[in-house]
Amino acid sequence: MAPSRQLASGSQKVAKCQSKPYSNTRRRKKDAIAHNSVPTNVNPTAPFPPRETTRDVMREAVRSAFPHYIPRDDFDILVLSSGDYAGPPSEISKFIDRQLRAQFNSREDALREAAEILDEKADFTGLKPRPGDPGVFIQPIPKSRFSVRLFPGSVAASEYCLDFVVTATGQPVNSPFEFQLIAGPGPMVPLGTAPKVTLRPLECAFGIREDQIPPGEEKFLLRDGQICTLRRPGHRDVRFKVPMRKRPEPVEDVDFLEFPDWV
């Protein structure tokens, strides 16, 4: 199973990886963290670029973080999407070229490596949904002006994300009221064999404090089929089940014995 790529939030630049710039290009392939929001002033009726490959996602991240810089090639996209550059726009090209010389014998080698990484099918967790994206579900919270929004993350890792939105507008907001979000085990785990867990925002896993998460970027990591409880002081608990996505069964040359799931 391929590792999922979980994305934290960023404000003016792509969120920064914990590893050193290109100390291990293969590791960067797994660990790159991209800015994942769509600016709030985007025209909701305008078509959005695809997110089919890693290149699509990283190009979107670079465009958001460095709107006045046009990447020259795939290696530019890969370096800038790591979040390691914090200098002025005028020095971007020089910074990237230094990274290339430190890690590769030629630009052709760097482009070959970058293309291999960016050509992969996108399977990220943490990308905020855009208008019209599939697999997004919104349910209003009783006696509240906010709703719970669920949107898909990595298919390979069976990950979903949750955030809160204003019911009237759909605008995402960070923790709009006092609550606990409690996640139980998945549907295939016997009752009583796994503990319930109180969730914190995904950004906290990347060292970002809750008060540092940019407005509307907060998200919580869930799993397909999990039973979750939203607990608010002075209100009844709200419980829901995360959707489960169908995945093709692996084809194996075996004889299969079927027993009932429940007895």
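Residues numbered from 1 in each chain as written. Predicted model: local features only at pLDDT ≥ 70, side-chain atom pairs only at ≥ 80, totals over all residues. Heavy atoms only, no water.

A. A look at the packing of aromatic side chains. Within the structure shown, the criterion is met by 9 aromatic pairs. Between Phe-66 and Tyr-85, the aromatic rings sit 6.4 Å apart at their centres with planes inclined by 50°, giving tilted as the arrangement. Taken together, the positions of Phe-66 in the loop between α2 (54-65) and α3 (74-81) and Tyr-85 in the loop between α3 and α4 (92-103) put the pair 19 residues apart, joining distant regions of the chain. As far as the burial class goes, Phe-66 and Tyr-85 line up, both buried. (Phe/Tyr/Trp six-rings, centres within 6.5 Å; stacked < 30°, edge-to-face > 60°. Helix = DSSP H or I, 4+ residues; strand = E, 2+ residues; numbered from the N terminus. Buried < 20%, exposed > 50% of the residue type's maximum accessible area, 1.4 Å probe, protein only.)

B. The packing of α2 against α3, seen in detail. Running from amino to carboxyl end, α2 crosses α3 at an angle of 65°, the nearest separation of the two axes being 9 Å. The angle between α2 and α3 falls in the class roughly perpendicular. Our pair here, α2 against α3, has a crossing hand that is left-handed. Where α2 approaches α3, its residues Arg-55, Met-58, Arg-59 and Val-62 are matched on the opposing element by Asp-74, Ile-77, Leu-80 and Ser-81. (Axes fitted to C-alpha atoms, helices over the stretch in contact; angles between N-to-C directions. Parallel < 35°, antiparallel > 145°, perpendicular 65-115°, else oblique. Left-handed = near helix turned anticlockwise from the far one by under 90°. Contact = heavy atoms within 4.5 Å.)

C. Quick look at the environment of Arg-239. Here Arg-239 shows up in strand β11 (residues 238-241). Leave out the neighbours within four places in its chain, and Arg-239 touches Ile-227, Cys-228 and Thr-229. Among the polar contacts made by the side chain of Arg-239, one reaches the side chain of Thr-229 at a distance of 3.1 Å. (Polar contact = N/O pair within 3.5 Å; in protein donor to acceptor, adjacent residues only side chain to side chain.)

D. Examining the pairing of strand β9 (residues 220-223) more closely. The alternating pattern of β9 places Phe-220 and Leu-222 on a buried face and Leu-221 and Arg-223 on a face that is not buried. Sheet topology places strand β5 (residues 159-166) next to β9; 4 bridges connect them, and they run antiparallel. Directly across from Glu-159, in β9, lies its bridge partner Arg-223. (Pairing = 2+ DSSP bridges.)

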